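Close look at the chain arrangement
Now for the letters of each chain:
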Amino acid sequence: MPGWVTVTLIAVGGVLFVAASAAGVFFAWRAYGRRVLLRLVARTEAVEAVGQALVDCVERLAHADHAVLEEFACDVESSERRALHEVAMRAWLLARELDSMPLPRALIPTAESLADAAMVVHQEASRIGDGVVGEAALDALARTDLVRVKAYASAARTRVNDECVSHGLDDLAVYGGGLYL
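In this report, we go over the structure that sits alongside the text.

So, how was this worked out
- All residue numbers refer to positions counted from 1 along the written sequence of the respective chain.
- Totals for whole chains, interfaces and linings use every residue, but because this is a predicted model, local features are given only for residues with pLDDT of at least 70 and side-chain atom pairs only at 80 or more, for both listing and counting.
- Computation of side-chain values: all heavy atoms of the structure, hydrogens and water removed.
- The way it works is that DSSP assigns letters per residue, a run of H or I at least four long becomes a helix, a run of E at least two long becomes a strand, and they are numbered from the N terminus.
- For each residue, the accessible area found with a 1.4 Å probe, counting protein chains only, is set against the maximum for its type, and the residue is called buried under 20%, exposed over 50%, and partly exposed in between.
- Contacts were defined at the residue level, with two residues in contact if any of their heavy atoms lie within 4.5 Å.
- For this analysis, a salt bridge means a side-chain nitrogen from Lys or Arg found within 4 Å of a carboxyl oxygen belonging to Asp or Glu.
- By nonpolar core is meant a set of buried Ala, Val, Leu, Ile, Met, Phe, Trp, Tyr and Cys residues that side-chain atoms within 4.5 Å join together.
- Surface patches are defined over residues having more than 30% relative accessible area and no salt bridge, joining like charges when they lie within 9 Å and nonpolar side chains (Val, Leu, Ile, Met, Phe, Trp, Tyr) when within 5 Å.
- For every accessible area listed, the method is Shrake-Rupley and the probe measures 1.4 Å; residues are considered covered only by the protein chains on display.

Notes on the side chain of S113
- With respect to the secondary-structure elements, S113 resides in helix 4 (residues 108-125).
- Residue S113 is classed as buried on the basis of its relative accessible area, which comes to 12%.
- Every residue in contact with S113, bar those within four places of it in the chain, is listed here: A155, A156 and R159.

See the structure below:
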């Protein structure tokens, strides 16, 4: 076999190897992005759940009778205060997790939007600390801004939905924290 044929075959083989490697890297990166986006969809569900827990707790207290409100105002160990404390802690953990997740650059704004929504839930649920009792506790409860919580959660959901559309994912495949693909 002449030398030029050997060189041509080696060159063609090299070009095919480089093209196959580039395609493999491209598809692997897309798969990684989709996998991370699925994790963000699950975190979206968690942020929405903790936000809804805050809304439910505040609405329960808004419709509670005088005895329940008095217990809430005076007893730092009341069930409603513990619920608010649990909501605040879960929201804070979600915000920290979202802020420290390794992400592709394109998904960072989406994760930041989710972290912001979780941090707003944390801020609103933390209004009534253990040192706040009596009338101050009821005032802090009245200042809880549920509209702000819902707005941040809605903005985060919209951002995640937009990313899902751009990646060809159906985020409606998430049900109850489990992913069904």
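Picking up where we left off.
Overview of the pattern of salt bridges
- Evaluation of the coordinates by the stated rule reveals 8 salt bridges.
- E80 is the partner of R60 in a salt bridge, and the nearest nitrogen-oxygen pair spans 3.1 Å. Here R60 is found in helix 1 (residues 3-62), whereas its partner E80 is found in helix 3 (residues 79-100), with 20 residues between them in sequence.
- Each of the salt bridges in this network shares a partner with another, and the network as a whole consists of E45, E48 and R157.

Digging into the nonpolar core
- One finds L40, L54, L98, V121 and I128 to be the most contacted residues of the largest nonpolar core, which totals 42 residues.
- Of all the elements in the fold, those that place two or more residues in this core are helix 1, helix 3, helix 4, helix 5 (135-142) and helix 6 (146-167).
- Among the elements that line this core, the one with the most residues is helix 1, at 12 residues.
- Contacts of L40, omitting those with residues within four sequence positions, involve L98, M101, L103, L107, T110, A111 and L114.

Comments concerning a nonpolar patch on the surface
- Where nonpolar side chains cluster on the molecular surface, the patch consists of M89, W92 and L93 and spans about 270 Å² of accessible area.
- Looking at the secondary structure, you find W92 in helix 3.
- Note on W92: relative accessible area 34%, which makes it partly exposed.

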